[in-house]
Amino acid sequence: MPHLIIEHSADISEKSVKILMQEIQSIMNSHEGNFDADQCKCRSFVFKEYAVGKLDQKKSSFIHITLKALSGRFVEIRKTLAVKISQFSHKFILDLNLSSKRCDISVDIVEMERETYQKIRVE
């Protein structure tokens, strides 16, 4: 039951973020470790006011991708997935051409403890 959370600067369009989400789910599906993209809850948060280091939004952009997954996968599997997502995101952002702004991309894969994670589906 992964959770994909994308936080990003306002100059990265919601349409682009939706495409990025779909591509990350494809990467998850093809990666070892049983990251079930079909059960993935995806969401994004846009920020209009921000700073990246000493640069404000006139000179910088950012995208931070958090993937929360149930615990138990080897660190090497999580690391390889983070690298794949990072590399794809780098190419994706280059293709957006953000008007010569610097864009910082970060990826974090966070483990959710199986013992404390609860899920209920109401139908």
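Right above here is the structure, for reference.
Parameters at a glance
Residues numbered from 1 in each chain as written. Predicted model: local features only at pLDDT ≥ 70, side-chain atom pairs only at ≥ 80, totals over all residues. Heavy atoms only, no water. Patch = residues over 30% accessible without salt bridge, like charges linked within 9 Å, V, L, I, M, F, W, Y side chains within 5 Å. Areas by Shrake-Rupley, 256 points an atom, 1.4 Å probe, with all protein chains shown as cover. Salt bridge = Lys/Arg side-chain N within 4 Å of Asp/Glu carboxyl O. Lys, Arg positive; Asp, Glu negative; His and termini not counted. Charge placed at Lys NZ, Arg CZ, Asp CG, Glu CD. Helix = DSSP H or I, 4+ residues; strand = E, 2+ residues; numbered from the N terminus. Buried < 20%, exposed > 50% of the residue type's maximum accessible area, 1.4 Å probe, protein only. Pairing = 2+ DSSP bridges. Axes fitted to C-alpha atoms, helices over the stretch in contact; angles between N-to-C directions. Contact = heavy atoms within 4.5 Å.

So what exactly am I meant to see when it comes to a positive patch on the surface here?
Taken together, the side chains of Lys 41, Arg 43, Lys 119 and Arg 121 make up a positively charged region of the molecular surface. With respect to the helices, strands and loops of the structure, Arg 43 is situated in strand β2 (residues 41-47).

Help me out: how do you make sense of the pattern of salt bridges in this one?
A side chain with one charge may pair with a side chain of the opposite charge, provided their charged atoms come close. Inspection of the entire model under this criterion finds four salt bridges. Here Asp 11 ties to Lys 101 by a salt bridge, and the two come within 3.1 Å at their closest N and O atoms. With Asp 11 in the loop between β1 (3-9) and α1 (14-30) and Lys 101 in the loop between α2 (75-96) and β6 (102-112), this pair connects stretches of sequence that are 90 residues apart. Look at Asp 11 and you get partly exposed, because its relative accessible area is 29%. Glu 111 is paired through a salt bridge with Arg 78; the nearest N and O atoms lie 3.2 Å apart. Taken together, the residues span a long stretch of sequence, with Glu 111 in strand β6 and Arg 78 in helix α2 at a distance of 33 residues.

Mind showing me how you'd approach the sheet that holds β2 here?
Note: strands within a sheet are paired through backbone hydrogen bonds, in either parallel or antiparallel orientation. Taken in spatial order, the four strands line up as β2-β1-β5-β6 in an open sheet, and their pairing is mixed. If you trace the sheet from one side to the other, it starts and ends with β2 and β6, each paired once. Geometrically, the sheet is characterised by an average inter-axis angle of 10° between neighbouring strands, direction not taken into account. Strands β1, β2 and β5 (60-70) of the sheet are contacted by α1, whose axis makes an angle of about 145° with β1. Sheet strands in contact with α2 are β5 and β6, and its direction is about 155° off that of β6.

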